[in-house]
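Now for the letters of each chain:
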Amino acid sequence: MHETAEDLAELQGLLDRSFANAGGHLLSIFDPSRRLDARQRSGMLTGMRWLTLATVTAKGEPRVGPVDGHFHRGRFYFGSSPESFRFKHIRARPAVSAAHTVGEQLAVIVHGTATIIDILSPEQDAFRAQLIETYGRDPAFTEYLEKHDTSWDDWFAEALYARIDAEKMFTFHSSSPPEN
């Protein structure tokens, strides 16, 4: 968990505001006994977590696809190729929605704006360290870097990352939250 006490307080405020303005149907399913607070949620979202990310085309058509999601300092981050349609959509229309689900046990849903970040900037040092910590434990990824004679710096220079600045966020868990 990489969240500070301030991050957790901000995240809890977002969760509280989101549920205070939610519709009746969502509230009937995501009732208070099934919600996760900021600390519980952050503790479950370590490492890489699949996010199903929705963007919007120029025609207003939704497009959804999986991305490697990383929860850092109370926000989701994700990466992709700079040439991906995903980032072409985001550059023109940054509104996004994303969901991380684990069967019927866990759901984290976020609606907000994708902000493209400079992964090599000093302000992203902690996030880069989290990525290296996460992917560095994956033998397939380290093998990929070796096979392509690529360093972490080269890999970061080739990738594009964004942060989701959430306007709404909802959490749900079954009777007992899933293990990490």
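Note that the coordinates shown come from a computational prediction; the quantities given were computed from them, not determined experimentally. (Residues numbered from 1 in each chain as written. Predicted model: local features only at pLDDT ≥ 70, side-chain atom pairs only at ≥ 80, totals over all residues. Heavy atoms only, no water.)

**Q** Run through the overall build of the protein, naming residues and quoting values.
**A** When helices and strands are counted, the protein shows seven helices and six strands. Sequence-ordered secondary structure for the protein, helices as α and strands as β, is α-α-α-β-β-β-α-β-β-α-α-α-β. Projected onto the principal axes, the alpha-carbon positions of the protein cover approximately 50 × 40 × 30 Å. For the protein, the proportion of its 180 residues judged to be buried stands at 42%. Considering only intrachain contacts with a sequence separation of at least 6, the fraction spanning at least 24 residues in the protein is 68%. When the accessible surface of the protein is summed, it comes to about 9700 Å², and 52% of that surface belongs to carbon and sulfur atoms. Within the protein, one finds 19 positive and 25 negative side-chain charges whose respective centroids are separated by 8 Å. (Helix = DSSP H or I, 4+ residues; strand = E, 2+ residues; numbered from the N terminus. Buried < 20%, exposed > 50% of the residue type's maximum accessible area, 1.4 Å probe, protein only. Contact = heavy atoms within 4.5 Å. Areas by Shrake-Rupley, 256 points an atom, 1.4 Å probe, with all protein chains shown as cover. Lys, Arg positive; Asp, Glu negative; His and termini not counted. Charge placed at Lys NZ, Arg CZ, Asp CG, Glu CD.)

**Q** Can you lay out the pairing of strand β3 (residues 75-80) for me, pointing to particular residues and giving the numbers?
**A** When strand β2 (residues 62-72) meets β3, the two strands line up antiparallel, connected through four bridges. Directly across from Gly69, in β3, lies its bridge partner Phe78. Where β2 folds back on β3, the antiparallel hairpin that results is connected by two residues, among which Arg73 adopts a positive phi of roughly 55 degrees. Where β3 lies against strand β6 (residues 160-173), four bridges are found, and the strand directions are antiparallel. Within β6, the residue paired with Gly79 across the bridge is Tyr161. (Pairing = 2+ DSSP bridges.)

**Q** Explain the packing of aromatic side chains residue by residue, including any values.
**A** What characterises a pair of aromatic rings is the spacing of the ring centres plus the angle enclosed by the ring planes. If you walk through the whole model with that rule in mind, you get six aromatic pairs. Taking 5.1 Å as the distance between ring centres and 70 degrees as the angle between the ring planes, the aromatic pair formed by Phe71 and Phe76 counts as edge-to-face. For Phe71, a relative accessible area of 3% corresponds to the buried category. Given a relative accessible area of 2%, Phe76 falls into the buried group. Within the aromatic cluster, the residues linked to one another by ring pairs are Tyr77, Phe127 and Tyr161. (Phe/Tyr/Trp six-rings, centres within 6.5 Å; stacked < 30°, edge-to-face > 60°.)

**Q** Can you break down the pairing of strand β1 (residues 48-56) residue by residue, with the values?
**A** Of the two faces of β1, the one holding Arg49, Leu51, Leu53 and Thr55 is buried and the one holding Met48, Trp50, Thr52, Ala54 and Val56 is not buried anywhere. The hairpin turn running from β1 into β2, its antiparallel successor, is five residues long, and Gly60 in that turn takes a positive phi close to 80 degrees.

**Q** How would you sum up the layout of surface pockets? Please name residues and give values.
**A** The space that makes up the largest pocket amounts to roughly 380 Å³. In terms of lining, the largest pocket is formed by 18 residues, of which the most central are Asp7, Glu10, His72, Arg73 and Arg75. Of all elements in the fold, only α1 (5-20), β3 and β6 reach the threshold of two or more residues within the lining of the largest pocket. (1 Å grid on protein atoms, 1.4 Å probe; cavity = no way out; pocket = protein on both sides within 12 Å on 5 of 7 lines; lining within 4 Å. Points joined across faces, edges and corners; volume = space filled by probe spheres on them.)

**Q** Which residues make up the side chain of Thr134, and what are the values?
**A** Tracing the backbone shows Thr134 in helix α5 (residues 125-136). In this structure, Thr134 is in contact with Gly47, Met48 and His70, ignoring residues within four places of it in sequence.

**Q** Any details on helix α4 (residues 85-92)? Residues and values, ideally.
**A** Residues of α4 that are buried include every one of Arg86, Phe87, His89 and Ile90, and no others. Around the axis of α4, the buried residues are gathered within 155 degrees of arc, so they sit on the same side. Among the exposed residues of α4, those pointing more than 90 degrees away from its buried face are Phe85 and Ala92. Each element contacted by the buried residues of α4 is listed here: β1, β2, β3, β4 (95-102), β5 (106-117) and β6. (Arc of directions from axis to C-beta.)

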